[in-house]
Structures are given as C-alpha cells and as structure tokens.
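So you can see what is in the structure, the chains are spelled out below.
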Amino acid sequence: MSVPLRRRDRSGGEPSPPNTEPVTVTVARVVRPDRREAFEREATAILGVASTFPGNLGATLLRPGPGSSEYHLVYRFGDDASLAVWERSPQRREFLARLRDIVEDERYARVTGLDSFFTRPATPGPRWRLTVLTVAAVFAITSLFQFLVTPHLQGWPVGARLLLSAVVVVLLLGHVAMPLLTRWLARWLRPSRG
C-alpha cells in the first residue's frame, strides 16, 4: 500500500503538505507454516535493501511467538517523501511478487513523529506532553547510567561506551520506562475533553 505524498483535507479544502516527521510502517504478514524459512530469507534480504534507501532510519523483522505464523516487518523513514520512494521502488514490487505464494494475510499500519516510537492511542492528547515525558525518561535513564555504569567503563574506548549507553537507553526507554509511564500517566497524557 502506498501513502500519497499529499493528502486531501477531510473538509474538502486544499491538500495538506507532506509529512516531514519520521514515519514508521509496520506490515504484519501471516506466513504459510511450510514457507516460513523462505519468508525469513526474503524478508532479511528486502530489509537489507530497504536500509540502503535515502531517508531510511531502520528496518527490522519481528518473528512470531510460539503458535503463531505472523511476522512483522517494520520500516522507519525520515519523512513521507523517503517512504514513498521506497514504496514505489521496483525492489519492493519484486519482493511483494515473490510473497504471493508464501503469505496468507497482510495488514499495514503507519504512524508519524514521536508517536512512532510508541503505541498510538485512539484519541491522542497534546504532543507536548508526550515530548516532556520522553525527555524526562531519557534524562533519568542517562543520569542513572552515568552515575552507576560509566565509572566502571573508564578503560573502554569512547565509541564503545557511547554505543553501550545508546543501547541501554533505547532498550530501557522503549521496553520499560515508556510503557510504564504512559500507563501510569495515561490521564495526564490524554486528558478528557469535558
């Protein structure tokens, strides 16, 4: 599915300008059980190709859990224009053609901006609140890392220390801090409009 670069305003007015924030696309595919190995080969190859496209910020394959055949391919691009180049590419078309006999079902989801790091609620609250919460969480995690871990890494090269710091911050932010904080502060993040 291709996302148009300019979307028509629902009120019938002028088209809205293209999105210039990061955009994340998740494609869930239910793979025939006897074709999982072929799908994983194809998916790994196409993610490698996608990562070479201008504006690509990352591409990942999420494998199914036990008893499931649903894979998720996650693409992140810098903006709508970069995503559109990827979605219209001959490489992607060829990949989709090769999946015809492998995939039973497919779903497509797309989010933009900072929300692309987290699950988007049905009625999102003010963006500034999620931004404040994210900055506070990053500050807390990086501060703790600096006080508790960095003193033990003095012999490490600077690049290795920075890489470890980035990995720890991203993992704790995405898998621990933000899921907990967004649940605990749900009312503040999405205040009811009375």
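Residues numbered from 1 in each chain as written. Predicted model: local features only at pLDDT ≥ 70, side-chain atom pairs only at ≥ 80, totals over all residues. Heavy atoms only, no water.

Caption draft 1: Fine view of the nonpolar core. Core analysis: the biggest nonpolar cluster contains 22 residues, and Phe39, Leu61, Leu73, Tyr75, Phe77, Trp86 and Ile102 have the highest contact counts within it. For this core, the secondary structure elements donating two or more residues are β1 (23–31), α1 (36–50), β3 (70–77) and α2 (80–87). Tallying contributions element by element places α1 first for this core, with six residues. Within the second largest apolar cluster, nine residues are counted, among which are Leu130, Ala137, Ile141 and Val169. (Core = buried A, V, L, I, M, F, W, Y, C linked by side-chain atoms within 4.5 Å. Buried < 20%, exposed > 50% of the residue type's maximum accessible area, 1.4 Å probe, protein only. Helix = DSSP H or I, 4+ residues; strand = E, 2+ residues; numbered from the N terminus.)

Caption draft 2: Local environment of the packing of α1 against helix α3 (residues 90–98). Across the interface, α1 lies against α3 with an axial gap of 11 Å and an inter-helix angle of 170 degrees. Looking at the two axes, α1 sits roughly antiparallel to α3. Contacts from Glu42, Ala43, Ile46 and Val49 in α1 reach Gln91, Arg92, Phe95 and Arg98 in α3. Partitioning the contact of α1 with α3 into residue classes produces four nonpolar, one polar and three charged. (Axes fitted to C-alpha atoms, helices over the stretch in contact; angles between N-to-C directions. Parallel < 35°, antiparallel > 145°, perpendicular 65-115°, else oblique. Contact = heavy atoms within 4.5 Å. Nonpolar A, V, L, I, M, F, W, Y, C, P; charged D, E, K, R; others polar.)

Caption draft 3: Structural context of the pairing of β1. Of all nine residues in β1, seven are buried, a share of seventy percent or more. With eight bridges joining them, β1 and β3 adopt antiparallel strand pairing. Bridge pairing in β3 places Arg29 opposite Tyr71. (Pairing = 2+ DSSP bridges.)

Caption draft 4: Representation of the pattern of salt bridges within the structure. By the definition in use, this model includes seven salt bridges. Glu40 is the partner of Arg63 in a salt bridge, and the nearest nitrogen-oxygen pair spans 3.1 Å. Linking Arg63 in the loop between β2 (56–62) and β3 with Glu40 in helix α1, this pair joins segments that are 23 residues apart in sequence. (Salt bridge = Lys/Arg side-chain N within 4 Å of Asp/Glu carboxyl O.)

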